[in-house]
Number of protein chains: 2
Amino acid sequence: MPHHGSLNGRREQLIRANLTAIHQYGLADATIARIARLAGVSTGIISHYFGGKSGLMEATMRHLLAELGRAVTERRQGLDADDVEGHVDAIIDGNFDSTQTNRAAMRTWLEFWASSMHQPALQRLQRVNERRLYSNLCHQFRKRLPPTQARDAARSVAGLIDGLWLRGALHPDGIDINGCRRLARENARFWLAQTH
Amino acid sequence: MPHHGSLNGRREQLIRANLTAIHQYGLADATIARIARLAGVSTGIISHYFGGKSGLMEATMRHLLAELGRAVTERRQGLDADDVEGHVDAIIDGNFDSTQTNRAAMRTWLEFWASSMHQPALQRLQRVNERRLYSNLCHQFRKRLPPTQARDAARSVAGLIDGLWLRGALHPDGIDINGCRRLARENARFWLAQTH
DNA sequence: GGATATTGATTGAACGTTCATTCAAACACA
DNA sequence: TGTGTTTGAATGAACGTTCAATCAATATCC
């Protein structure tokens, strides 16, 4: 039974402060001193709740991943199993959900991608996400296309989602969410219109 | 070694050592000491030639950009001005040139993208690159499509190039260069087949 | 029910490490 | 000898972690 700050409350507060710190200073300059100051607590508390800075980083990535999963799942609920266009659109829209396209989240994703190339813990998480997007799409396309084309379609739409997202993240004026969604949807429609 | 550390030779040697260091250790752990050791020189030499670590980083990004520009330009030489498919394919192929798809370059690009969000010098360089890819493509598509569709086509193909590249960079087994090129080309063909 | 013990959250200064930079000295060549 | 190159130890700043001390909220006991 926690006393004042409930355990999950503190953890979420620190994760949010971490996202803000990465957004404001970049991962390299997101020191625990700055993160703690943004959360209005002292430095020691981070090690207390996450066992160290890297624990907080992993928890932050898990947090973003969970929000992405939720954003997609919510949009797919209630859709008919035959409604391939509906499911594909839901997957596309979920990937451009506001939880994934705000500046702090985009900046953090970019930093985590780079870090994941040498941090096994982050690499595993990133890989789960990459495969989930691909196989979700592939599963839908297979309902309408032969396996080879379905694979190509899934690779293409997944790549387009990530690429449009990336270019939006790097663009100084920010990301054009509706434009991205429209182009990704158009690409999916192209593949689904293929006759086999 | 004697004087024969020609100024440009030394600089290129240090840039190459920097790429290797970022590949092996990641940007955060690519310290001056490690870079210098990989180049077989002492730490002070980096400040002597680049004025500091950030100077070396900027020079390294310029180096990658120059190689990308060369890879595209070479492939476009000798093509007819009417050959839209040829130019688009050259742009696509150049972006997946071996200078851009080796592990060290991919890792370094990722790190630089993340860093560029808070380093004005890197941000300018990154932006030049982003716009160049887009406007090169747009210029070609305009020869065949009305302006609105040409813009969409360019955004789509540019996004697909970057997205496929990104997913390849993050994939543990490495990037499938020919697969990426094929999918990007297919997407370009789709847009060019549109009737207006 | 009031006093006391227990628990777990929280603090922040101290510690040891690591890093980029600097610069006087050494060096190589013309 | 003079000039530009190279060295590497010294410097000081900054970082993450640790931990004894403090505090607030419950639990236990008489």
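Residues numbered from 1 in each chain as written. Chains lettered and ligands numbered in written order. Predicted model: local features only at pLDDT ≥ 70, side-chain atom pairs only at ≥ 80, totals over all residues. Heavy atoms only, no water.

By the naming in an unreviewed UniProt entry, chain A goes by HTH-type transcriptional regulator BetI and is assigned to Ectothiorhodospira haloalkaliphila. According to the UniProt record, the Pathway (unreviewed entry) comment for chain A reads "Amine and polyamine biosynthesis; betaine biosynthesis via choline pathway [regulation]." (UniProt positions renumbered as here; feature names shortened; annotations may be inferred.)

A. Quick peek at the protein's contact with DNA strand D. Inspection of the region around DNA strand D gives 16 residues, with A:Ile32, A:Lys53, B:Arg10, B:Ser42 and B:Tyr49 positioned closest. Among atoms of DNA strand D positioned within 4 Å of the protein, sugar and phosphate together represent 71%. Within the side chain of B:Arg10, one N or O atom sits 3.0 Å away from a phosphate oxygen of DNA strand D. B:Tyr49 has a polar side-chain atom sitting 2.6 Å from a phosphate oxygen of DNA strand D. The element contributing the most residues to the surface near DNA strand D is helix α3 (residues 44–50) of chain B, with four residues. (Near = heavy atom within 4 Å. Polar contact = N/O pair within 3.5 Å; in protein donor to acceptor, adjacent residues only side chain to side chain. Helix = DSSP H or I, 4+ residues; strand = E, 2+ residues; numbered from the N terminus.)

B. Seen up close, the relation of the copies chain A and chain B. At an RMSD of 0.0 Å, chain A and chain B line up after a rotation of 180° and a shift of 0.0 Å along the axis. A rotation of that kind, with that shift, is consistent with a two-fold axis. Relative to the rotation axis, the closest C-alpha in chain A is found at A:Gly163, a distance of 1.7 Å. In this assembly, 100% of the residues forming the interface of chain A have copies in chain B that are likewise at the interface, indicating an isologous arrangement. (Least-squares fit on C-alpha atoms with pLDDT ≥ 70 in both. Contact = heavy atoms within 4.5 Å.)

C. Inspection of the pattern of salt bridges at higher detail. Under the defined criterion, the tally for this structure stands at 27 salt bridges over all chains. For B:Arg16, the salt bridge goes to B:Glu12, with nearest N and O atoms at 2.5 Å. Linking B:Arg16 with B:Glu12, this pair stays in helix α1 (residues 7–25), spanning four residues, or about one helical turn. Classification of B:Glu12 as partly exposed rests on a relative accessible area of 39%. Taking the shortest distance from any N to any O, the salt bridge between B:Glu186 and B:Arg182 comes out at 3.4 Å. With a gap of four residues between them, B:Glu186 and B:Arg182 both fall in helix α10 (residues 177–192), about one helical turn apart. Exposure remark for B:Glu186: the relative accessible area of 25% places this residue in the partly exposed category. Among the charged side chains, a network of salt bridges with common partners joins A:Asp89, A:Asp93, A:Arg181, A:Arg185 and A:Arg189. (Salt bridge = Lys/Arg side-chain N within 4 Å of Asp/Glu carboxyl O. Buried < 20%, exposed > 50% of the residue type's maximum accessible area, 1.4 Å probe, protein only.)

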